[in-house]
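So the chains spell out like this:
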Amino acid sequence: MTAPIRIGIINVSDRASAGVYEDIPGKAVVDLLNKYLTCAWEPVYRVIPDEQDQLSAAFIEMADVQACCLIVTTGGTGPAPRDVTPEATEAVCQKMLPGFGELMRQESLKYVPTAILSRQTAGIRGKTLLLNLPGRPRAIEQCLSVVFPAIPYCIDLIGGPYLTTDETVMPVFRPKS
């Protein structure tokens, strides 16, 4: 039996990391991935304050040591001074994938005009895809559902494990070879 695929989930929040409020965004990502994925997987889970150095260190540990093929963050993508998730992502990635952020903002604009303030992005570190999502559970679902069809193939291309999904819930795209 092979080990479960590891996926990093990080809620970036000063208040949640201090225990001021419950970590609902990170749990929303786990719930969505449980709905989407049919392959065996396990979360590598963190709640981290809006501190770029701590977040970058968590990315490096999850990608390089824990061998997560995907790291999903929630929060820290707005224009406020403490919102540093995109900067932490860019600091540790070898390649950026701006199309993920572009598509998520486009989808979010269907619901709120303030979606243009979001700075979600994605990038690659080694064999790991890093993806920044917004911090609100409804926005997390809207954004993840629109980009997830490309995620398994992206992970294939960077040499990661083969992710399978429930095609009735989350159909993914892989080119016919």
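Since we're looking at a predicted model, the values are computed, not measured.

Novice: Where do I start with helix H6 (residues 137-147) in this structure?
Specialist: Structurally, the α-helix is built with 3.6 residues per turn, so residues lying three or four positions apart point the same way. Within the sequence span of H6, burial applies to Ala139, Ile140, Gln142, Cys143, Leu144 and Val147. Elements in contact with the buried residues of H6: helix H2 (24-36), strand S3 (70-74), helix H5 (98-108), strand S6 (128-133) and helix H7 (151-157).

Novice: Teacher, can you tell me more about the nonpolar core here?
Specialist: For soluble globular proteins, the rule of thumb is that nonpolar side chains tend to be buried together. Judged by nonpolar contacts, the single largest core of 33 residues is most densely connected at Leu144 and Ile151. When sequence neighbours within four positions are dropped, the list of residues in contact with Leu144 reads Leu32, Leu33, Tyr36, Leu131, Leu133 and Ile151. One finds Ile10, Val44, Ile48 and Cys93 within the second-largest nonpolar core, a separate group that totals 15 residues.

Novice: Any chance you could explain the layout of surface pockets here in plain terms?
Specialist: Where empty space is left becomes clear once a probe the size of a water molecule has been rolled over the atoms. Each pocket or cavity is described by its volume, and for the largest pocket that value is around 900 Å³. Residue lining of the largest pocket: 34 residues in total, with Gly75, Thr77, Pro134, Gly135 and Arg136 positioned closest to the centre. Elements with a minimum of two residues in the lining of the largest pocket: strand S1 (5-12), helix H1 (14-17), H2, H5 and H6. Residue composition of the lining of the largest pocket, grouped by class: 13 nonpolar, 13 polar and eight charged.

Novice: Sorry, what's going on with the UniProt feature "domain: MoaB/Mog" (unreviewed entry) in the chain here?
Specialist: In this structure's numbering, the residues bearing the UniProt feature "domain: MoaB/Mog" (unreviewed entry) are residues 8-154. Between the first and last C-alpha atoms of residues 8-154 the distance is 16 Å; the span itself is 44% helix and 20% strand.

Novice: Looking at this structure, how should I read the pattern of salt bridges?
Specialist: Opposite charge on two side chains permits them to pair, given that their charged atoms come into close proximity. Applying the stated criterion across every chain yields a total of 10 salt bridges. Taking the shortest distance from any N to any O, the salt bridge between Glu42 and Arg6 comes out at 2.8 Å. Of this pair, Glu42 sits in strand S2 (residues 41-48) while Arg6 sits in strand S1, and the two are 36 residues apart along the sequence. With a relative accessible area of 29%, Glu42 lands in the partly exposed category. Relative accessible area serves as the criterion here: at 26%, Arg6 is assigned to the partly exposed category. One network of salt bridges, with partners in common, ties together Asp14, Glu51 and Arg82.

Novice: Teacher, can you tell me more about the state of the cysteines here?
Specialist: Formally, a disulfide is one covalent bond, and it connects the sulfur atom of one cysteine to the sulfur atom of another. Applying the stated rule across the entire model yields zero disulfides. Free cysteine: Cys93, not disulfide-bonded; nearest cysteine sulfur from Cys154 at 11 Å. You can call Cys93 buried: its relative accessible area is 13%. A disulfide-free cysteine, Cys154 has its sulfur positioned 10 Å from the sulfur of Cys69, the nearest such atom.

Novice: Can you help me understand the environment of Thr89 in this one?
Specialist: Here Thr89 is to be found in helix H4 (residues 85-92). Of the residues examined, Thr89 reaches a relative accessible area of 0% and is grouped as buried. A C-alpha to C-alpha distance of 8.9 Å links Thr89 and Gln52, two positions 37 residues apart in sequence. Looking at Thr89, its side chain comes within polar contact range of the side chain of Asn132, at 2.9 Å.

Each value, and the rule that gives it
- Counting from 1, residues in each chain are numbered in the order their sequence is written.
- For a predicted model such as this one, the threshold for reporting local features is a pLDDT of at least 70, and the threshold for listing and counting side-chain atom pairs is 80 or more; totals across whole chains, interfaces and linings nevertheless cover every residue.
- Excluding hydrogens and water, the side-chain figures rest on all heavy atoms present in the structure.
- Type-normalised accessible area, obtained with a 1.4 Å probe on protein chains alone, sets the label of each residue: buried when under 20%, exposed when over 50%, and partly exposed for intermediate values.
- Each helix is a run of DSSP H or I of at least 4 residues and each strand a run of E of at least 2, with the numbering of both proceeding from the N terminus.
- Contacts between residues were defined by any pair of non-hydrogen atoms, one from each residue, lying within 4.5 Å.
- Nonpolar cores were defined as sets of buried Ala, Val, Leu, Ile, Met, Phe, Trp, Tyr and Cys residues, with membership established by side-chain atoms within 4.5 Å.
- Of the two site types, the cavity is a set of points on a 1 Å grid over the protein atoms alone where a 1.4 Å probe fits but cannot get out, and the pocket is an open set with protein on both sides within 12 Å along at least five of seven lines, each lined by residues with an atom within 4 Å of a point.
- Grid points are joined across faces, edges and corners, and a volume is the space filled by probe spheres set on the points.
- Here the term charged refers only to Asp, Glu, Lys and Arg, the term nonpolar to Ala, Val, Leu, Ile, Met, Phe, Trp, Tyr, Cys and Pro, and the term polar to all other amino acids, Gly among them.
- UniProt positions are given in the numbering used here, feature names are shortened, and annotations may be inferred rather than shown by experiment.
- We count a salt bridge whenever a side-chain nitrogen from Lys or Arg sits within 4 Å of a carboxyl oxygen from Asp or Glu.
- Our working definition of a disulfide is a cysteine sulfur pair at a distance within 2.5 Å.
- Under this definition, polar contacts are N or O atom pairs within 3.5 Å; protein pairs additionally need one hydrogen-donor-capable and one acceptor-capable atom, and for neighbouring residues in sequence, both atoms have to be side-chain atoms.

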